[in-house]
Structure formats: C-alpha cells, structure tokens
Amino acid sequence: MSDDWGTAAAAERSMSRLTLIQQAAARSGALPAPGQFRNSKLSPFEVSQMSGVSISMVERGNINGRDFTRELEWLLQETTERCFLDAEMWTGEILAYLPNEWCEGSQPDIWNTSVKVFANDSTESMTSPTSSAANMPGDVVVPKAKYAYSSRFARSLIKNKDFRRAASFLEKTVNENRVDHFLYYRCLFLAYYQEHLENDSEGVERKTSFAEEKSPFSILHQRMTDEKLRENDDVWFEYLMGLIEVQLGLKVEAEKSFKNVITREPRHWPAWEGLTLLISDIEDADNFVIQLDSRSLWMSDWFMVLVLQRFHQHSMAIQKAEQLVQRGMTGIPMIITKIAACSNARHDHDQAIANFEDVREMDPYRLTDLHLLSDSLYIRNDQKKLSALAMELYKVHKFRWETCCVVANYHAMRRDSEHAIKFFQRALRLNPGFAALWVLIGHEFMEMKNNAAACVSYRRAIEIDPADHRGWYGLGQMYDIMKMPAYSLYYYQEAQKCKPHDSRLLVALGEVYTKLNRIEDAEKCFTGAYLFGDVEGNALWNLAKLHENQKDHKKAAQAFEVFLVVYELVTSAEEKVIYSVAFLANHFFKTEEFDKAQEFATKCMAYESICQEGNRLFREIAKIHQREAELDEAERIGYAQRAAAEAAAGGAPAPQEELGEEEMSEGEDELTF
Amino acid sequence: MPLVKTGPNLDAIFNHQLTNVTGEPLTPTKISIFYLVRTLFHAHFGVGAVPSLKPFNKAEKTKAFSILYGLILSDSEISYDDFRRVVRMLDNDLGRCIYYNFICSIEKLAYGDEQIEMLFENAFYTAKRPTHIKVFKQEQADQDNLTFMSNNSFMYTWIKRVMMQYTRTSQEGMFIITERFRDWVLSGNIENVSPINQGINMTLPFEINCSVRARKWIDDQLRFIQFCQSKAMPHETILDLCDIISKRHRDVFEVNLLKTVVHIQLKNPPEAMKSLKVFFDLSMLQITDSARQALNTLKLMSPSQIALRYGPVLQGRLHRIFGDRKCASELFSESIQQSQVNVDDMCNRIANLELTINEVLMSGPILERLPSDRTKAKKQDDYGNETNERRVLQNTIHAAANINIPNIRALQKDFNEDYDLHTFLVSMSKFMLCIEDMMDGKYFKYNSTAEYVCVGFNHLRLIYDSQNKGRAIEDFANAIMSSGLIQSGMYNQARRAAEEILMTNCTTPSCPKLETESQAVSGVNLAYSLASIGDYDNAFKTINSLNTLFPEQLSWISARHVKICFQLIQFERDFLLNRYTACSDHLKEIGSLAPLEYTLRKSLLLAVTGKLSEAVNLLKEYKCVDVRGLLRIHMQLATIEAAYGRFDVSEYHLEEAGNIAVNTHFQDARFLVTRRFGSMILGRNMPEEAFKVLMPLYPNVERFGTFIEKAIYFMSVARCLRLLKKDPRIFLKKCKLQILNDRWPSMEKLLCSELTILHHKTGMFPDENKATWAMERFGKIEVDFPGPCVWIFI
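Treat the numbers as computed from the prediction; the structure is a model and nothing was measured.

Novice: Just checking my understanding: could you explain the overall build of chain B for this structure?
Specialist: When its secondary structure is counted, chain B shows 39 helices and four strands. Going through the 794 residues of chain B one by one, you find that 51% of them count as buried.

In structure tokens:
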C-alpha cells in the first residue's frame, strides 16, 4: 500500500523527490538533532555530502609528544628572539597546557637544546668572522660588548613599543648579528604600522577616518627587494615581506610569500596564521596541505580548522579539531574554544556553552571568543549565567572588546536596547573591523523599531565584510517585516549566496518565494534546506504547508510523512506533529488507502486534542469495511459481480468521501497554527 | 528649553555620514585667497579698534570682488608667483599697500614667523569702532549692496567653508598643509609642490574634491546620461570617479544612483541592482531637514521612510528595463502599499503610473503590436510603419522610464517641485492611455494623440522647467505622433513631424541638446518615411547620422532602434532588387531585436525562393497578440497563397484580415486589405470584379500608400483596364513614376511587358516604336537585374 503512489508521470517525479528526501533524512540522522549533544561521529563523506565541499580527511597517527614539544620549543625560541610577542604568547600558551604525559618525556631535552641554541646565536654569531669583516678599516672600533648591550637595549625598546628608537639602535648592529639584521627591518615595519594606526585613530577622534595610503610600506618593500632579503637564509625575512605585502594590499603576492615560508619551514606558525586569512578557497588550502605531505606535524591541521571556519564549514572544522584532540592534544584551551565557536555558528548552543565553560574552568581569565559564549547564553536565554559572566569580565577587563560585547548581550537580554547599543558601539571602537558587531547593533535597532538605523547598521556590516550573511539576512528580514517581500528578495538571495548551505537562509528565501507565489522556487528552497540539514526544523513543515496551500495534497502528504519520520519524537515540534498526523489520517482516508489511514488514526489516539478525530476515522473506516464485507457476501449470494463492484467503487464511497472532506476542513480550521 | 530626547545617538553611531557635508579642501592657493581677503578687510574696515580712514568705494569694491571671485572660481591651483601678479594688479587699482601687507603676511607664514590661522581676529567682530563719519557717508551715499559679509553672498559661504574645513583638519593634516604652503611660497611655482595625499584635504579631481561639488557633478552626470549621452563623461571615468567619491565622501550616497544608471547603460543588471540597493539602504538615514528639530534634539540624523517608497519603484523600473516585468509589477505594488501607509500622494501616483506602464507592456508582446502589413507578397513597403510603431511602443517603455528618471533626483533632494511633478505625471498617464489605444489600433483622429498630450505638456511649458521634463515629454509625444502618422500611412506628414523634432532640438541654458530615445525614434521615423516614398538615399543618410549620434556603446537603448531601422530599410531595398542573399543577411541581425518583423520578412524570403510551406508554417506558428501584427500576418498569408494560385485559402485570410481592419482606426488598413483582395481577384482572371473593387480605392492609395503599394495598385488597375479593353496608359504612367531610378526592376519589367502587350501589333494601341523600346528596355533591365518577374501581383 505504501508504494501505491499512483502511476502518472508526475507521481513518478514526486516519487524520486520523496526518495531524495528520505535519503536525506537518513543522512541527516547522522547529525545530532538540534539541541542535543553530539555523540555520533560523522564520516568525512557524510559531512562533505552535506556541505558540498570535499577535503582530504586523512586519519593520522597520534602525535609524538617529543616532536611536538620540540617543534614548539623551536618556535618559542625563534619568536622570543625576534620579539614576535603574539606568536610567543600563542606558543607559550600551548606549551603551558602541554598534556602531562608529553611533558615528562621531553623535559630534559628542552633545557638542553634551548640553552644551547640561545647561547649559540647571541654570542657566536656576534663574533663570527663575517661580522668583523664588515668593519671597514678606519672606522672607530667599537667594543663588541657595547654592540651586545645596544642590541639588548633595542629588544627592550621593541617590547616597550618604541620602534623608531629601536630601529636606530639596531642600525648600528645590523651587520653584527643576523637576528639584529632581521629585527632592524621588523622595527621599521612596526614603526610604520604604528604610525599608520596612530594617524588613523587621530582621524577617528576627529570623525574623519580614511584608509590612508601606505607609501612607507612600499618603500620598505622595495628596499628589502633590492637587498635580496627574500632569498636570505633567514626564512623570517620572507615572512616579513609577506606582512608588508598584506599591508600594501597585494594579497596574491602575500599568499605566495607565506606559502613559500611554510614550504621552507613548516614549523613557522605565524606564516600559517597569515595564510588562513589570505587563502582563497578551501580546496586551495587542502591542496597546499597535501602537497606539504607530512612535513607538518599538526599545524597544517590546525590551519585547516581555521580555514574551514573562515569559510563557514563549521561541522568540518569541528571534525578536524576533534581529530587533533584524538591525536593527543587534549585539554588545550585554544582547540576547545575553537570547537565551541564553531558549535555556536552551527547553532549547537548547548555544546558551545559546555565547551566554553570547560575552558573557563581551566583558565578563567582567557577572553578569546567569549563574546560567542555570551551569544549562546543569550540565545538560550540563560539570564543567570550571562549576568554572572558579564559581571566577572567587567571587573577584570573593562576595555576589551569581548567584554563590551558580553555586557551588551547582557543588556540586550534585559531588553535594554539602548545600553546594549552603547556597549556594542564601545566594542566597535575597540575592534572596528568586526562586522558581526554592526549586525548586533542592527538587531537592537530592530528591537527598538528604528528600521532606518537598523538598515544602515546592517549596511555597515556588509561594507566591512560583503560575505557576512547576517548583514544581508538582517536587511531582508527588515524589509520583510515592512511587508515588502519582493523588495526583500534581493537581500535574502545575497545572504544565501554568502552561505549556500545554511538551511535557515534557504527557509527564509523559500518563505519569500511563497509570498511572491513563486511556488517552484519555494519548493526548491525548502527541499534544499532539508537536504543541507535543517537546523530549525522548519523546512519540511514549510514544504508541506506550501503544498497543502497549493491544494497539492499528495505532495503535502509526502512531506508530512517525512516530517513525522524526523520530528515525531521531538517535543518542541508537538503541535506540528499533531497537525501532520491529523492531516495524514484524513488524507489517506480520502484517497482510500485505508491501511495507512488506520495507521495514522491510531497515531491520532496518542494525542489528546485529536483523538476524537481518530475515533471518527476509525468509525468511518469500519463502516466502509462493513459495506465491503456486505457486498462480498452479496456476491457470494449470487448478485451480478459487475454491478456490485461498480456500486462499491463508484457509488458507495463517494458520499463518505464528501463527508470526510467536510469534517476534514473543520478539523483543519481548528488545527491551523 | 525643550528636553533632549534620550535614545541612542544616531549622530555618534553613524558619524561619518556627516563629516564631509560642507567644507572646501584646503590648498596653498586657498589659504592665500583667505589671507588676501583678510588683508582687504583690514584695508576696508581697519585693524583692531582703529577704523580705516579710507574704506573702499563702490568701484573699488567691484574690482576687489571681481578678482576675488576669479580666484575662488578657478578650478586649478595657481603658483605663488602668479598669485603675486594678481595681487599686484589689485594693488595698482586699489592702492593702500595691499600688495605689501599681503606679501608680508604670507611670507611670515612661509618663514615660520607666524602659523597659519584661518580665522579673523576677534577684534574684527568685537571691536567697538566709532562709526567713522567717512565710512558712514560712503555707505549711505552709494547704497551699494556689495558688502563683504552678507549671509547670502557666495564669498561669505566660501569663507565659512574654508574655515570649517580648517577646524576639522587633524593636527597631522595641519602640519602637512603648513609644509606644502611653505613649499608653494618658496618655490614660486606649483610643479615643485607635491600634492596632499592624505586626510580630508587630499588632492582629488576638481569636480569631486568636496561633497558639494561631488553632488553637483553627480547631478549633472545623471542628467547627461539620460538626456545627452555624448556630453556625459565616458562610463569608465564616471565609475572611477564614483569609486573615489564613495571612498572619500561618505555622506554622498547619491553616487550609488549614478553607478546604477551607468551600469544600466553597460547592460550590467546585477551591478546596477547592487548600487541601487546601497543607495536606498543608505538613504534611510538622512540629515534632518528641520533645523528646529535638530536644535531641539541636538541631533542631525533622522530616519526617513522615503527610501521605502521609492526604492521599489526604481528597482521595478530596473527589472522592467531588463525585461522582468512580473517582478517589476510586484515591486510597484509594494511601493503603492508603502506610499499609502505613509500617505505620500506623489509616490502613490508615480507607482500607479509605473504599474500601468508595466501592465500595458505586460499584456502580451506589446512590442509586437504593430501596424500593418500592407504589402503583398512582394511588397514590403512600409515596414516603416510597422517598425516604427513597434519602436515607438518599445520606446514607450523606455522613454517612459527615461523620462521619469528625473524624478530620481527629486528623491535625492526635496519634494518641493510638487506642481511640476504632478503635471508631469498627469500628462504621462494620459499618454499611456493613448498609447494603449494606439496599440489596439483604436484612435479617433490621426493626430489625436498629439492633441491629447499637448494639453499636458502645455502645462509643463508654463512652469519653470528645471529638469527638462517638459522637453522630454514633448519629444516623447512628438515621437509617438510621428510613429502614429507613419502607421496611418501619412508619410509626408510624418516626415515633417519628425524633421521638426530633430530641428528644434537645440541646446538651451537649462538643458542640453537631447539625445534621448525619443530623439532616436524620431530620427528613425524620418528614415522610414523617406524610405516609404522611395527616397532611399536620404533615408540612408539619415541613418548614418543617427548612427554617429547614438553609438551602441553609449546608449544601447536608442542604438537598437537605429539598428533595426537600418536593417529593415536595407532589406526592403535589396528585396526589390531581387538580392535575396543580401536580404537574409540583413535579417540575421534583427532576429532577436524584432521578432515579428523578422518572421514576416523571413517568410517572405522563403516564399520568394519557393519554400512555400515553410513560409506559411513560419507565419502560422508565430503567436501574435498585436492587432496590427495579426492583420499583417493574415495579409501576408493571403498574398503568399494567392501567388501560388490557392485563391480560396487566400480569400479566407483576406476575410480574416478584413475583420480585423474593420475594428481599427488605422487609416490605411481597409484599403490595404481591399487592394489585396482586388489583386487576388485579378489573379483569378476576373478583371471586371477586380476593377470594381480597386477603383474606389484610388483616393486612399494616393493619400496613404507607400511607393510600392502605389506601384502595385496602379499596375493592378492598369491590367484590369487592359483586360477590360480600356485605356490603361494613365495608370501605367503613374506606376512608372513610382519606380524611377531602378528602384524596383521587377516591377519595371512588368511595366515593360504591359507596354509591349499594349503597343504590340495586335494590342490596343499598336505602335511599333514604343513596343520595341519597351522590349529593349526589358532586355536591358534583365541584364542588370536578372531574375524572373514573378510575384508582382499579390
């Protein structure tokens, strides 16, 4: 009976659609239902099927603790020496959270190598023959020790952000020491950078900020090229040139430089990090990683996590990050936070909150990404935790943008939009390049019913990051609320372009199409939304309602059936489930598929509000069966078979059908949500 | 004191919208002008508390002002040496040590003795000077209104703007200016002074170096692109400048509107849409236009719902231009709904009008609602009409869109041109009604359209036509009128009308020479009307000049018309000369531009080359909603069938055509059908009946026929007469007149054979000389234009 969908070509087509949907149901069963913890593991195939992106997911063996430590040791050493404070901190954090078992094995080794290296570099190279040869005859001979002191002093200056002065000291020792040689250029870079930022901030004060021309950078770049520093043995020169190219807006060149650096030295995390922001697509990143082969112990994987996150492939990013954990990098806050951030983006807020809380337990003063925790808490409406978080952070870090964001979310939850906006604005001052803040400001303006301001805020978000789907979505939603679906269509389309596999955007787009009576497009959107893993569970429901409103009951029934398969046990969808059951029972009754009608009528009995309906259907079905039985009997008695059959098929059920329809429409009214 | 409203401070949040609203980028020259003004003030008013003993008189002031204005209005920097020369001239006229004082003040700045200070000394405002008797007397005596400081004077505004810009310049910017100023003074020329490359005083192209000028520039370009392409800057340049504006002048979001228009011209709908959306989204927040409210709330930004209303209108128009009419009409409805919610009458009208225009266009392939095919198989003559009409209609769409676009500018600024706009909308709407009637072939008098509309545009003429709306709609009306005339077969009148439009199109102070679609249509109509009276040379001349006027890359919308026209006329000419290969080449070009024309002619070609059934199928399969198109299709089918001797089928089609013709007001439709009917009967060898049918048509043919139509008619009548044993010579002569200059060799051959029959020994008027001449002539034509003489009749 269940396969009896009809014979027409149209039915066949819908058939294939149904199988598609069912396959998808099976597939999306692999994903944890929204709001539940993930315990099943996704195969890479499944993930790539859903996102439409495929990358290599090679399972690699556990990380060797000794290699791992050595790698980071090297990086720490290099970054400390070259005053890369950020990278030093990054490395230091990981080392500080090194899993215990790895620590024990490598402890003595660390001290040996590191001490040796340090001694080598600062003393040996300073007294190397090349450096003394650089002293021209006739120069006043400066005692070597003085050089050493001056280069030490330059380092302190760098740490204190006095770059110009540091550069002028380093100029003296450029030829003495290869690290100083590098540091000299780096100081110049930092000095230009700082001046550039200062100019910019002066502009902000005066409310006239323009992206200024960066000519000093190009001069520096030219100078380094002239001195052939890219080809220098010291790989850090090439990295520095990459940084300059980023400042000059030469993205392609910068990408090439960073890739070169990594190929020369796969342990060079700062280059990896720079590359995450420059790489143009996931496949490109993947190919690059594959080509590096296994020369990179784990940084390539972490790099992929960041790239995947950047391109909104959050599920895959989580998976990659979890692989790292499995390979031994347990308890590292950086990884846990990243998983939490991706969970937040996937709207798996419980998971996100749990992970963030783990990190906060380990390291209560770590602020990175905590604004996402506040976002999750806001969405879960957890007043208590959010206010506690806001208070704690505000006490210790008033002027970090993350704190401002948390406090803003706290105000938003209290429906104090005005304060929320104030704090978002403060966060924006501290971190002007962050598009999401403008989106949140826009949302708050929407709360305040100030559409115009909301509109401009969303536009700002898009200006900062044209690929920010939330900005587009916000605009679409705004016009939609103004009852201008045709006008909002463009924005939903743009949003969907930014994130093609997000079911919520597809559902929104589908709803607009429905309003514009573009049924086929709407259908495609809803089906697509379901196929890509429906986050909010609206896609099937909308699809079914769409068909129902179009009086296409057969298709509606198909969609409702799949809806039931997926959501029957989800409590939050109970009302919809009830409606679906009632609809299906009536539908199958009307189409005379009594077995199925009975099945759904039985289901009706499980819900108080429609058990009456179930009973009624049972009675109707029973009546029909009875009549059929009577007819059979009549046949046996000897009535002309044909006449009887005709009466059964044509005459008898017809009144029933009408009756059913009438009742149905009544029921429908009651149950329309 | 009114309370300051609480609430988020939009000014603070979206600040940079406001940053550049006024201001004049500082340059060394401008600083010098400022110092010169200050020097003059000292001379006129006095320094500090000491009043000047010798204030300027009126003549002196005039001199001072003329030089100052000259300096201010100049759009380029001048060097210090030149500046000194100018000041010396001033000094010669005015005396009072102006040169000395000025140079002193400037050089003090240059050598660092003083710092640039773009202010007037406090004493100037506060010092209580005794009203010096002389000052008083002088001012009284002259009653001059040449005051240095008056709220409305250009110079006052300019000084304010310079001062404001200076106070807004960052510290770094001030240092840079000081440096540049010193270089400028010391070097004496401008080449050695490097331009300022950062901050709000950055050197930009003059047209857009401050918000005020950028807005003006955008305004001008918008108008040029719509009215006079050739005066606008090249599209790439505009886009480049737009980029600079959107980067430097954040408050000038009108720039996105300009980008939209340019992208439309570049046939790039996605980009156009993108810019349009940005424009309307950003204009949701505007600087409040109520100074009082600004004072009360201490806030400058205020939300504006205008974008909600007009956004959909323009987006809809965009969709329509690129053919998505369904989408467009949804958007128009949304605009209507918004305008009703916000009680904006004007917007409501505009949106309704747009909706009407759109619906007129949506009710089928309107483009195809063309006039007739009066031609018989061979006859192709007046494509003119039809094409024209099509063109016009097409035009309607675009011209309507174009014409309306000036409203856009209204959006940017204010809505105070209500009366203007209102009148415009009214006449526009009436217009749409006329056009709809015309498309149905129902109008009452041939020039009713013009009459109808002239009521509207006479109103427009009476008011101050600041945005060329009157001109535009007048042109539009005339273009439609000339098309209407052609449609009715009044070729000479059409020619005159079209010529008039083209002649009167000249530059006036308030608007440039128009290069709108209406102009293109008028031009094309001129060509059609020339072609239809057989004057191909002038027709092609006209087309050539149109081609230079409307090059494809400048305005594809107009260029389309010219292209179609060119191909059609060429087709017609070559067809008459039996050059069928050339004909099919011409057709290739217009297949997508004008499907109906293409179908009609293609089938004609097929029929001529013997592919009868293909020709018939092509015509029958073409779905035509247009009245005139249908008429033509039936007539052509009749013609083709008749040519192959299937007279009954032909008769059926002619009847159909006749039914259509009866219900329309086309002047020529009836005679076209009847003439074909007559020719068909003649083909059946029923000269008597044919003559009865044909003869009464004579006046109409004379009035409305094209030369081809006339030739065929005269030939038909002549043959009737011959068969009826009457004297056909007068008609043969008339026929001959129509086809002079080898325009239609096949017809001439036919003519010769008729003559031969007539003058043959056995003929009605035996005349051996004439018969021989006719035969020789026939032979000669046969050599020049080989090809059988079939197809002549029907």
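The discussion continues.
Novice: Would you take a moment to explain the overall build of chain A for this structure?
Specialist: Looking only at helices and strands, one finds 35 helices and zero strands in chain A. For chain A, the proportion of its 673 residues judged to be buried stands at 43%.

Novice: Sorry, what's going on with the confidence of the model for chain B here?
Specialist: Low pLDDT means the predicted atomic positions in that stretch should not be read closely. All names here are of chain B. Looking at chain B as a whole, the pLDDT averages 72, with 69% of positions reaching at least 70. Long-range and interchain partners of residues 362-417, a stretch whose pLDDT sits below 50, account for 173 contacts in this model, where long-range means more than four residues apart. Confidence drops under a pLDDT of 50 for residues 442-450, and excluding neighbours within four residues, the segment shows 22 contacts in the predicted structure. Of the two predicted TM-score estimates for the complex, the pTM is 0.76 and the ipTM is 0.74.

Novice: Explain the confidence of the model for chain A to me, please; I cannot follow it from the model alone.
Specialist: Residues and elements named next belong to chain A. For chain A, per-residue confidence averages 78 on the pLDDT scale, and 78% of positions sit at 70 or higher. Within chain A, helix α35 (residues 653-671) has the poorest average pLDDT of any element, 40, and helix α21 (residues 401-413) the best, 93. Segment residues 106-138: pLDDT under 50, and 27 contacts once partners within four positions in sequence are set aside and those in other chains are kept. Every residue in residues 651-673 scores below 50 in pLDDT, and together they form 21 contacts with partners more than four places removed in sequence or on other chains.

Novice: When you look at the packing of helix α23 (residues 435-447) of chain A against helix α24 (residues 451-464) of chain A in this model, what are you seeing that I'm missing?
Specialist: The geometry of a pair of packed helices is captured by two quantities: the angle between their axes and the separation between those axes. All names here are of chain A. It is at 8 Å that the axes of α23 and α24 come closest, and there the two elements cross at 170°. Taken together, the axes of α23 and α24 are roughly antiparallel relative to one another. Taking contact as the criterion, the partners of Ala435, Trp438, Val439, Ile441, Gly442, Phe445 and Met446 in α23 are, on α24, Ala453, Ala454, Ser457, Tyr458, Arg460, Ala461 and Ile464.

Novice: I keep staring at the nonpolar core and nothing clicks. Help me out?
Specialist: Looking at soluble globular proteins, one finds that nonpolar side chains tend to be buried together. Core analysis: the biggest nonpolar cluster contains 224 residues, and Cys187, Phe424, Leu540, Phe563, Val581 and Ala585 of chain A have the highest contact counts within it. No other element matches the 11 residues that helix α9 (residues 178-205) of chain A contributes to this core. Phe424 of chain A has contacts with Ala408, Leu437, Leu440, Ile441 and Glu444 of chain A, leaving out every residue within four places of it along the chain. Listed in part, the 91 residues of the second largest apolar core include Leu576, Ala638, Val717 and Met747 of chain B.

Novice: Can you help me understand helix α15 (residues 299-310) of chain A in this one?
Specialist: Each α-helix turn comprises 3.6 residues. Residues three or four places apart therefore point the same way. All names here are of chain A. Along its 12 residues, α15 runs 16 Å from first to last C-alpha, staying within 8% of the 16 Å computed at 1.5 Å per residue. Buried residues dominate α15, accounting for 10 of its 12 residues. The set of residues buried in α15 consists of Met299, Ser300, Trp302, Phe303, Met304, Val305, Leu306, Val307, Leu308 and Gln309. For α15, the elements touching its buried residues are α13 (269-278), α14 (282-292), α16 (314-326) and α17 (333-345). A positive backbone phi angle near 65° is found at His312, which sits one or two residues after α15.

Novice: Just checking my understanding: could you explain the packing of helix α5 (residues 80-94) of chain B against helix α6 (residues 98-110) of chain B for this structure?
Specialist: Residue and element names in this part refer to chain B. The contact between α5 and α6 brings their axes to 8 Å, and the two run at 145°. Residue-level inspection shows Arg84, Val87, Arg88, Leu90, Asp91 and Leu94 of α5 in contact with α6, the latter providing Ile98, Tyr99, Phe102 and Ile103. Of the residues in the contact of α5 with α6, the class split is seven nonpolar, no polar and three charged.

Novice: Sorry, what's going on with unusual backbone geometry here?
Specialist: Excluding glycine, residues mostly have negative phi values, and the peptide bonds linking residues are mostly trans. All names here are of chain A. In the Ramachandran plot, Lys161 falls in the positive-phi region, its phi being about 65° despite a non-glycine side chain. Tracing the backbone through its elements, the reader meets Lys161 in the loop between α7 (144-159) and α8 (163-173). Even without a glycine there, the phi angle at Lys449 is positive, about 60°. Topologically, Lys449 is positioned in the loop between α23 and α24. What makes Lys449 exposed here is the crowd of 10 C-beta atoms within 10 Å.

Procedures and definitions
The numbers attached to residues start from 1 for each chain and follow its sequence in the written order. The naming scheme follows written order: chains are lettered A onward, ligands numbered 1 onward. Only residues with pLDDT of 70 or above have their local features reported here, since the model is predicted, and side-chain atom pairs are shown and tallied only from 80 upward, although totals for entire chains, interfaces and linings are computed over all residues. Segments assigned H or I by DSSP are reported as helices when at least four residues long, segments assigned E as strands when at least two residues long, and all are numbered from the N terminus. Counts of 20 or more other C-beta atoms within 10 Å of a residue's own C-beta define buried residues, counts of 12 or fewer define exposed ones, and intermediate counts define partly exposed ones; C-beta atoms are placed from the backbone. By definition, pLDDT measures how confident the predictor is in each residue, and it falls between 0 and 100. Placing C-beta atoms from the backbone, we regard two residues as in contact once those atoms come within 7 Å. Between N-to-C directions, angles cover 0 to 180 degrees, with each direction set by a line fitted to C-alpha atoms, over the stretch in contact for helices. Oblique is the label for every angle not falling under 35 degrees (roughly parallel), over 145 degrees (roughly antiparallel), or within 65 to 115 degrees (roughly perpendicular). Nonpolar core, as used here: buried Ala, Val, Leu, Ile, Met, Phe, Trp, Tyr and Cys residues forming one set through C-beta atoms within 7 Å. One less than the residue count of a helix, multiplied by 1.5 Å, gives the span that helix is expected to have. Polar here means any residue outside two lists: the nonpolar Ala, Val, Leu, Ile, Met, Phe, Trp, Tyr, Cys and Pro, and the charged Asp, Glu, Lys and Arg; Gly therefore counts as polar.

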